[in-house]
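# Observations on the model geometry
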Amino acid sequence: MLELARKYNIELNEERLAEKRRIRARRFHTEIVPLFRVFGFTVGLVGIYLQRSLASDTLDWWAIGRYAAVFYGYALFSWLTLRAWFAKTKIDLGILFLCVDIPFIVSVIYATGAESSWLFCFLMVRVADQTNTTFRRVFGFSHVAIGCYIAMLLFVQFVDGRPIPWSVEIAKIAAMYGINFYVALTAKTAEGMRRRTAQAFQFARSLILELQEKTVETELAKGRAENANQAKSDFLANMSHEIRTPINGILGMTDLTLSTNVNDEQRLYLETVKSSSDALLNIINEILDFSKIEAGKIELELVPFNLHEVIGGAMRTIAPQAHEKDLELIYRPDPETGARFIGDPGRIRQIVLNVIGNAVKFTERGEIEIRVRTGDSGDPGAPRVLVSVRDTGIGISEKNSKAIFQAFEQADGSTTRRFGGTGLGLSITKKFVEMMGGTIDVESEVGRGSVFRFSMNLMHAEDDDSVAVRDTARDTARNAAARPVIVFETHRAMGKAIIAQLEAIGREAHLFDDAARWFDAVRGARPLSVALYSIAGSETDLPSGGSAWEAVGRERALVFARRPVGSSGGADLPAGCETAAVLSKPFTPIELREALERAEQGSAAQSATSEATETAHAPPAPARPVWEGSTEDAEGVHGPHVLVAEDNAVNQLVVKKILESLGCVPTMAANGKEAIDRWQNGTFALILMDIQMPVMDGFESARAIREWESAAGEGAHVPIVAVTANAMKGDETACLDAGMDGYIAKPIDRHELERELARHLQTGLPRD
């Protein structure tokens with residue numbers, strides 16, 4: 001806008017515009033017009049000189065000098081008068097001197113021959129130089145010029161006594177009048193053009209001023225919006241911190257209590273508390289994700305990952321809810337799709353989890369099937385991965401099928417609805433899918449179920465790990481080509497999924513839905529085959545006869561696919577098959593391949609089966625230390641010493657118990673200053689640092705420790721891991737910038753804490 005004003009020299013300030021107009025007018029009348037006057041008089045003197053030189057042999061230099069003195073004296077006088085008095089009197093001095101110029105021009109005509117002079121055209125030139133003014137001024141000047149010329153003719157006739165050829169002079173006067181009238185019309189046209197141009201500039205000026213005003217208002221509104229958005233972000237960050245802190249205590253203490261000896265009724269109550277806390281945490285995460293997306297603060301990672309592992313992790317998370325409803329979770333990948341890609345595995349897992357969770361919520365009986373295949377995106381290196389999730393639930397009406405992807409919208413928004421939720425899950429999913437270059441839609445029929453389809457553009461991952469995995473799979477397929485997998489599965493969709501997974505890992509398969517025929521095929525297979533038996537959960541699915549099962553277990557590599565014992569549809573293995581490999585539903589091609597390998601390895605399969613059986617029946621035991629090379633000290637306490645800086649008493653207890661269960665020796669500090677004092681007086685292999693603490697926060701404490709280490713020299717580094725309820729975008733980066741080595745968001749996930757301990761304690765050395 002301002003560039004446009006500068007380009008066309010449009011002044012926006014009213015005072016500066018008026019001042020520029022005054023300066024231009026003064027310069028025109030006090031500088032430009034006097035210069036033109038001097039130039040015109042010079043031309044006139046030249047005309048007198050030429051006329052006199054052509055008319056006689058001798059020149060009257062005295063007359064020429066007299067004319068020069070008069071003309072230039074008048075020019076100097078007019079210039080000085082205009083400079084001194086311009087715009088200071090009510091008389092328009094510019095017009096006054098312009099009018100006086102005409103008698104001087106007439107005197108030049110008189111001096112060069114009067115009626116016979118060929119300089120009479122100067123009068124027309126004097127009129128023409130006013131065409132940049134108004135029509136009335138030009139026409140007035142023309143009448144003054146003609147009047148002065150007629151006066152000169154009368155002076156010649158009656159004073160000088162020379163006869164005037166009036167017929168010729170009248171023709172000259174008519175020609176002068178006609179030409180001046182034409183010049184006046186030209187001035188009128190120019191005047192109209194100037195007026196329209198001025199109006200256009202005035203309109204442009206007013207428009208630009210209005211746009212400038214709107215821009216200022218927009219900038220102010222933008223500033224207010226940014227301040228409001230910052231305030232919202234601060235509020236969400238504080239809300240996240242304040243809510244996550246007590247939830248961390250609830251979840252942590254619940255997990256610790258569940259690991260103790262509690263009766264069935266108490267376990268039911270505690271698991272209800274845990275599931276309710278998980279649901280609350282999920283709602284908080286959805287609100288935070290939605291706020292981050294709206295603020296444009298979500299960025300996708302680009303890291304190699306295994307698609308089977310990501311989808312399998314999401315399925316395992318939702319499996320307990322599905323099994324509780326006796327639903328079958330089925331994963332059916334296309335053998336040609338591949339598994340290694342580059343993308344954001346965390347967001348993809350969130351997408352899959354949202355869609356599967358939605359399907360489980362609205363499905364009471366039947367199955368949920370997840371299918372994956374590859375489409376064409378136009379780039380061979382970045383295929384379009386297509387995922388569909390089919391359920392047999394209540395379905396969605398056509399009216400609501402599009403609304404469900406909008407924020408805070410639900411298929412049933414009434415107060416009597418059966419299913420709760422924030423209405424943000426699918427909206428967030430849609431945003432993430434679009435950020436990955438894909439689309440999401442739903443095809444549904446009320447009472448017949450729904451099919452959600454979404455796509456993502458993902459780059460193929462080609463690194464050493466993926467090449468090794470592919471080579472291993474090819475070698476396994478070559479070695480196992482003569483050992484087909486004989487599968488028993490009564491569920492049609494699950495059977496097709498198992499065959500697809502076996503094809504994905506390069507195994508030949510034969511599917512049976514009749515147990516007797518499966519037994520016959522297993523016993524009669526030559527060479528020896530792998531037998532996979534899928535347990536649906538009812539006793540009728542297991543043919544009687546322990547000796548028959550014992551024979552199959554001795555002669556064949558046997559794998560059972562079942563839901564975990566204790567879940568809905570879970571079942572024990574038949575007698576005589578306790579050493580068989582067990583595959584927990586739902587499973588992925590990776591888990592299926594591992595189960596087949598365990599079954600084929602014999603002794604390893606027995607060890608793995610025993611471990612799986614103990615895990616299924618026994619309560620969870622404390623985890624072993626996850627570091628390497630831990631030793632016992634003089635007091636008989638083994639494991640590394642960990643300093644925990646945490647101001648919340650409940651969270652102190654949670655972290656302390658988890659660390660003790662992992663074999664660590666925790667030391668607690670209530671604030672950053674106390675943590676620094678304990679660190680300076682002790683020997684610690686790792687520091688877990690909260691961020692928001694009284695006296696001294698985690699950032700300041702970490703910087704102080706790093707400064708001390710820098711002064712101490714090489715070898716003094718102690719790993720610092722942030723453990724904080726600050727889970728907004730940038731919080732992890734801020735922790736790393738402060739000198740910390742890791743980041744864990746509250747509520748603390750035991751497995752994530754184990755990974756951080758394993759990562760840092762293997763290489764972290766105590767400070768001397």
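For the structure, see preceding data.
The following paragraphs examine the structure supplied in this document.

Conventions we followed
Residues numbered from 1 in each chain as written. Predicted model: local features only at pLDDT ≥ 70, side-chain atom pairs only at ≥ 80, totals over all residues. Heavy atoms only, no water. Helix = DSSP H or I, 4+ residues; strand = E, 2+ residues; numbered from the N terminus. Buried < 20%, exposed > 50% of the residue type's maximum accessible area, 1.4 Å probe, protein only. Contact = heavy atoms within 4.5 Å. Areas by Shrake-Rupley, 256 points an atom, 1.4 Å probe, with all protein chains shown as cover. Pairing = 2+ DSSP bridges. Axes fitted to C-alpha atoms, helices over the stretch in contact; angles between N-to-C directions. Polar contact = N/O pair within 3.5 Å; in protein donor to acceptor, adjacent residues only side chain to side chain. Expected span 1.5 Å × (residues − 1). Arc of directions from axis to C-beta. Core = buried A, V, L, I, M, F, W, Y, C linked by side-chain atoms within 4.5 Å. Left-handed = near helix turned anticlockwise from the far one by under 90°. Nonpolar A, V, L, I, M, F, W, Y, C, P; charged D, E, K, R; others polar. Patch = residues over 30% accessible without salt bridge, like charges linked within 9 Å, V, L, I, M, F, W, Y side chains within 5 Å. Salt bridge = Lys/Arg side-chain N within 4 Å of Asp/Glu carboxyl O. Phe/Tyr/Trp six-rings, centres within 6.5 Å; stacked < 30°, edge-to-face > 60°.

## Side note on the overall build of the protein
- A tally of helices and strands in the protein yields 22 helices and 18 strands.
- The buried share of the protein, taken over its 768 residues, is 43%.
- Counting contacts in the protein only where the partners sit at least 6 residues apart, residues at least 24 apart contribute 70% of the total.
- With an accessible surface of roughly 39,900 Å², the protein has 56% of that area assigned to carbon and sulfur atoms.

## Focus on the sheet that holds strand 13 (residues 581–584)
- The parallel open sheet is built from 5 strands, whose spatial order is 10-9-11-12-13. Here the strands that pair on one side only, and so sit at the sheet edges, are strand 10 (509–512) and strand 13. Mean inter-strand twist for the sheet, computed between neighbouring axes without regard to direction, equals 20 degrees.
- Packed on one face of the sheet, helix 13 (residues 492–504) meets strand 9 (485–488), strand 10 and strand 11 (530–534) and runs near 170 degrees to strand 10.

## Regarding the side chain of Glu 489
- Within the secondary structure, Glu 489 sits in the loop between strand 9 and helix 13.
- A distance of 2.8 Å separates the side chain of Glu 489 from the backbone nitrogen of His 491, its partner in a polar contact.
- Filtering out sequence-adjacent residues up to four positions away, Glu 489 remains in contact with Met 494, Gly 495, Ile 498, Leu 511, Phe 512, Asp 513, Ser 534 and Lys 585.

## Digging into helix 20 (residues 698–712)
- With 15 residues, helix 20 should cover 21 Å at 1.5 Å per step; its first-to-last C-alpha distance of 21 Å lies within 8% of that length.
- Those residues of helix 20 lying buried are Gly 698, Ser 701, Ala 702, Ile 705, Arg 706 and Glu 709. Taken around the axis of helix 20, the buried residues stretch over an arc of 130 degrees, which confines them to a single face. Seen from the open side of helix 20, the exposed residues pointing more than 90 degrees away from its buried face are Glu 707, Ser 710 and Ala 711.
- Looking at the buried residues of helix 20, the elements they touch are helix 19 (672–681), strand 16 (686–689) and strand 17 (720–724).

## Re the nonpolar core
- If you look at the biggest cluster of nonpolar residues, it comprises 40 residues, and the most contacted ones within it are Leu 329, Ile 348, Ile 370 and Phe 454.
- In terms of residue count, helix 9 (residues 307–324) provides more of this core than any other element does, 8 residues in total.
- Excluding anything up to four places from it in sequence, Leu 329 contacts Met 315, Ile 318, Ala 319, Ala 322, Ile 356, Ile 368, Ile 370, Met 494 and Pro 586.
- Residues Ile 48, Ile 64, Leu 153 and Val 156 belong to the second largest nonpolar core, which totals 35 residues.

## Side note on the pairing of strand 7 (residues 449–457)
- Most of strand 7 is tucked away, with 7 of its 9 residues classed as buried.
- As paired elements, strand 5 (residues 384–391) and strand 7 share 7 bridges and run antiparallel to each other. The partner of Arg 390 across the bridge, within strand 7, is Val 451.
- Here 6 bridges tie strand 6 (residues 440–445) to strand 7, and the two strands are oriented antiparallel to one another. Paired with Ser 444 across the bridge in strand 7 is Ser 450.
- Connecting strand 6 to the antiparallel partner strand 7 that follows it, the hairpin turn spans 3 residues, and Gly 447 within it adopts a positive phi of roughly 85 degrees.

## What about the packing of helix 9 against helix 10 (residues 345–361)?
- For the pair helix 9 and helix 10, interaxial distance at closest approach is 9 Å and the crossing angle is 35 degrees. Between helix 9 and helix 10 lies a crossing whose hand is right-handed. Of the residues in helix 10, those touching helix 9 at Leu 307, Val 310, Ile 311, Gly 313, Ala 314, Met 315, Thr 317, Ile 318, Gln 321 and Ala 322 are Pro 345, Ile 348, Arg 349, Val 352, Leu 353, Ile 356, Gly 357 and Val 360.
- Considered class by class, the residues forming the contact of helix 9 with helix 10 number 13 nonpolar, 4 polar and 1 charged.

## Looking at a nonpolar patch on the surface
- A cluster of nonpolar residues, Val 46, Tyr 49, Leu 50, Trp 61 and Trp 118, forms a patch on the protein surface that exposes about 520 Å² of accessible area.
- Per-element accounting of the nonpolar patch gives the leading share, 3 residues, to helix 2 (residues 14–55).

## With respect to the environment of Val 108
- Inspection of the secondary structure assignment puts Val 108 in helix 4 (residues 93–111).
- Note: C-alpha distance between Val 108 and Leu 45 (63 residues apart in sequence) is 7.7 Å.
- For Val 108, the contacting residues outside a window of four places in its chain are Gly 44, Ile 48, Phe 71 and Leu 119.

## Re the sheet that holds strand 15 (residues 665–669)
- The strand order across the open sheet formed by 5 strands is 15-14-16-17-18, and the pairing between neighbours is parallel. In this open sheet, the two edge strands, each paired with only one partner strand, are strand 15 and strand 18 (742–745). Each adjacent strand pair in this sheet contributes to an overall mean axis angle of 20 degrees, direction not counted.
- Here 4 bridges tie strand 14 (residues 641–645) to strand 16, and the two strands are oriented parallel to one another. Bridged to Val 644 within strand 16 is Leu 688.
- On top of the sheet, helix 19 reaches strand 14, strand 15 and strand 16; it is set at about 135 degrees to strand 15, its chief contact.
- Against the sheet, helix 22 (residues 750–761) makes contact with strand 16, strand 17 and strand 18, and its axis sits at roughly 170 degrees relative to strand 18, the strand it touches most.

## Considering helix 10
- For helix 10, built from 17 residues, the straight-helix expectation of 24 Å at 1.5 Å per residue is met to within 8% by its first-to-last C-alpha distance of 24 Å.
- Counting buried residues in helix 10 gives 13 out of 17 residues, a clear majority hidden from the surface.
- For helix 10, the capping residue at the N-terminal end is Asp 344, with a side-chain oxygen 3.2 Å from the backbone nitrogen of Gly 346.

## Things to note about unusual backbone geometry
- Residue Pro 586 is bonded to the preceding Lys 585 through a cis peptide linkage, with omega at -5 degrees.
- As for its placement among the helices and strands, Pro 586 is situated in the loop between strand 13 and helix 16 (589–600).
- At Asp 326, a residue that is not glycine, the phi angle is positive and equals roughly 60 degrees.
- With respect to the secondary-structure elements, Asp 326 resides in the loop between helix 9 and strand 2 (328–333).

## Points about the packing of aromatic side chains
- Evaluation of the coordinates by the stated rule reveals 9 aromatic pairs.
- Ring centres 6.2 Å apart and planes at 50 degrees place the aromatic pair Tyr 74 and Phe 97 in the tilted group. Highlighted residues: Tyr 74 in helix 3 (residues 61–85) and Phe 97 in helix 4, separated in sequence by 23 residues.
- You can call Tyr 74 buried: its relative accessible area is 9%.
- Ring plane angle 75 degrees and centroid distance 5.8 Å describe the contact between Tyr 110 and Phe 155, whose orientation is recorded as edge-to-face. Taken together, the residues Tyr 110 in helix 4 and Phe 155 in helix 6 (residues 135–160) connect sequence positions 45 residues apart.

## Overview of the side chain of Gln 501
- Structurally, Gln 501 can be placed in helix 13.
- Once residues lying within four places of it in the same chain are set aside, the contact partners of Gln 501 are Tyr 331, Pro 333, Phe 587, Thr 588, Pro 589 and Leu 592.

From the geometry alone we can't say anything about function, so treat these as descriptive.
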